[in-house]
Amino acid sequence: MTVRIAPSILSADFGRLAEQVSEAAEAGADWIHVDVMDGHFVPNLTIGPAVTSAVRDATDLPVDVHLMIENPDQYLSAFAEAGANYITVHQETCPDLRGTIERIRKLGVKPGVTLNPATSLETLAEVIPEVDLVVIMSVNPGFGGQAYIPESTQKIRRLRAMLDENGADGAQLEVDGGINVDTAGEASEAGASVLVAGAAVFRHPDGIAEAIRLIRRAAAGRAAEEVGADRAQ
């Protein structure tokens, strides 16, 4: 399985956002990930539809919008109009999760559902066949640059089995949080098909292109030590 790399603009230089998005696309990124936080569901405040629209204007890649917000239904239309290809909501914020998924799809956007680290996979049992994307948070959401939670790997593995067993093997399994050359291979081997990486891409000392190359090689199965040795050459 080819793993997609989705750089998160949360760690980009917003003064050069279009330039950095274009650079990531030219370097081989597969999607662009947009983290939307409201300061209520998570303790941080980030961006809205206007920045999403700017990202859409800067690239032809799929734009993956992750709504870490309360009452996401109020904003689905705005993000759809801004050019989102995927809109992902948190299971924890949607009392009528099935209805939210249906509303996203009616907007012509692919629906996704995200689970926080402490949320059980069983909460997805009724909706798995209806989504195009399931996201495992491998950090507690709110801030970029956090360390990957090791227990996430087994959760990824269990979710991959659930998707396969429920006939939803075509849905993407995305992992978001702490992804870098040390963790990309582990997440990929467990069954992830999309890896979100923010700081590891946009703040890499050798630049965006090199960061994406190293993460992709790690996701393909090369040990982190081998990737590091290759980088040092």
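Here the structure is a predicted model, which is why all the values come from computation and not from measurement. Numbers given for residues are sequential positions, taken from 1 along each chain in its written order. It should be noted that, the model being predicted, local features are given only for residues of pLDDT at least 70 and side-chain atom pairs only at 80 or more, the latter also being counted only at that level, while totals for whole chains, interfaces and linings use all residues. Side-chain numbers here rest on the full set of heavy atoms in the structure, without hydrogens or water.

A. Broad picture of the overall build of the chain. Each helix is a run of DSSP H or I of at least 4 residues and each strand a run of E of at least 2, with the numbering of both proceeding from the N terminus. Along the chain, the regular secondary structure elements total nine helices and eight strands. On C-alpha atoms alone, the chain measures out to a radius of gyration of 16 Å, which is about the 17 Å that the 2.2 N^0.38 rule sets for 233 residues. Each of the three principal axes of the chain carries a C-alpha extent, and together these read 55 × 40 × 30 Å. Buried, partly exposed and exposed residues are distinguished by accessible area as a fraction of the type maximum, computed with a 1.4 Å probe on protein chains only: under 20%, between the cut-offs, and over 50%, respectively. Classification of the 233 residues of the chain by burial places 54% in the buried group. Here the analysis covers contacts within the chain between residues at least 6 apart in sequence; of these, 63% occur between residues at least 24 apart. All accessible-area figures derive from a Shrake-Rupley calculation using a 1.4 Å probe, and residue coverage is judged against the displayed protein chains alone. Surface exposure of the chain reaches about 9800 Å², of which carbon and sulfur atoms provide 47%. In this tally Asp and Glu are treated as negative and Lys and Arg as positive; neither His nor the chain ends contributes. By convention, the charge on Lys lies at NZ, on Arg at CZ, on Asp at CG and on Glu at CD. One way to put it: in the chain the 18 positive side-chain charges average out to a point 3 Å from where the 34 negative ones average out. Between the two quantities, the radius of gyration covers C-alpha atoms and the globule rule is 2.2 Å times the number of residues to the power 0.38. Contact between two residues is taken to exist if any of their heavy atoms lie within 4.5 Å; hydrogens are not considered.

B. Molecular detail of unusual backbone geometry. Its identity is not glycine, yet N71 carries a phi of approximately 50 degrees, on the positive side. With respect to the element layout, N71 can be found in the loop between β3 (63-68) and α3 (76-81).

C. Structural detail: helix α4 (residues 97-106). For α4, the set of buried residues is L97, G99, T100, I101 and I104. Buried positions along α4 lie against α3, β4 (86-90) and β5 (110-115). G108, located one to two residues past α4, shows a positive phi value of around 85 degrees.

D. Inspection of the packing of helix α1 (residues 17-26) against helix α2 (residues 49-58) at higher detail. The geometry of α1 relative to α2 is characterised by a closest axis approach of 9 Å and an angle of 45 degrees between their N-to-C directions. For the element pair α1 / α2, the angle class is oblique. Considering only the axes of α1 and α2, their crossing is right-handed. Packed against α1, whose contacting residues are L17, A18, V21 and S22, the element α2 presents V51, V55 and A58 at the interface. Of the residues belonging to the contact of α1 with α2, the class tally is six nonpolar, one polar and no charged. Here the axes come from fitting lines to C-alpha atoms, over the contacting stretch only for helices, and the angles between their N-to-C directions go from 0 to 180 degrees. Each angle receives one of four descriptions, namely roughly parallel if under 35 degrees, roughly antiparallel if over 145, roughly perpendicular if within 65 to 115, and oblique otherwise. Each crossing gets its hand from how the near helix is turned against the far one by less than a right angle, where anticlockwise is left-handed and clockwise is right-handed. Any residue outside Ala, Val, Leu, Ile, Met, Phe, Trp, Tyr, Cys, Pro, Asp, Glu, Lys and Arg is labelled polar, Gly included; the first ten of those are nonpolar and the last four are charged.

E. Looking closely at the nonpolar core. Buried residues of nine kinds, namely Ala, Val, Leu, Ile, Met, Phe, Trp, Tyr and Cys, make up a nonpolar core once their side-chain atoms join them within 4.5 Å. One finds I9, L67, I87, I156, V175 and L195 to be the most contacted residues of the largest nonpolar core, which totals 63 residues. Here this core gets five residues from one element, more than from any other, and that element is helix α8 (residues 208-219). If we ignore the near neighbours within four places in the chain, the residues touching V175 are I136, S138, Y148, I156, A187, A192, V194, L195 and V196.

F. How the structure looks around the pattern of salt bridges. The salt bridge criterion pairs a side-chain nitrogen of Lys or Arg with a carboxyl oxygen of Asp or Glu, the two atoms within 4 Å. This model, assessed by the stated rule, comprises ten salt bridges. A salt bridge links E19 to R16, with the nearest nitrogen and oxygen atoms 2.8 Å apart. The partly exposed category is assigned to R16, whose relative accessible area is 34%. Shared partners join several salt bridges into a network, and the residues in it are D13, R16 and E19.

G. Spatial organisation of the sheet that holds strand β2 (residues 32-37). Whether two strands pair depends on DSSP finding at least two bridges between them. Ordered in space as β1-β8-β7-β6-β5-β4-β3-β2, the eight strands form an open sheet in which the pairing is parallel. Of all strands in the sheet, those with a lone pairing partner are β1 (4-7) and β2, marking the two edges. Strand-to-strand, the axes of this sheet are offset by a mean angle of 25 degrees, without reference to chain direction. Bridge analysis of β1 against strand β8 (residues 194-197) gives four bridges, and the strand direction is parallel. Bridging from a neighbouring strand, R4 pairs with V194 of β8. Helix-sheet contacts for helix α5 (residues 152-165) involve β5, β6 (133-137) and β7 (172-176), and the interaxial angle to β6 is about 165 degrees.

H. View of the environment of V55. Following the sequence through the fold, V55 ends up in helix α2. Along the backbone, V55 and A82 are 27 residues apart, and their C-alpha atoms lie at a distance of 9.0 Å. If sequence neighbours within four positions are ignored, V55 has contacts with I9, L17, I32, V34 and V63.

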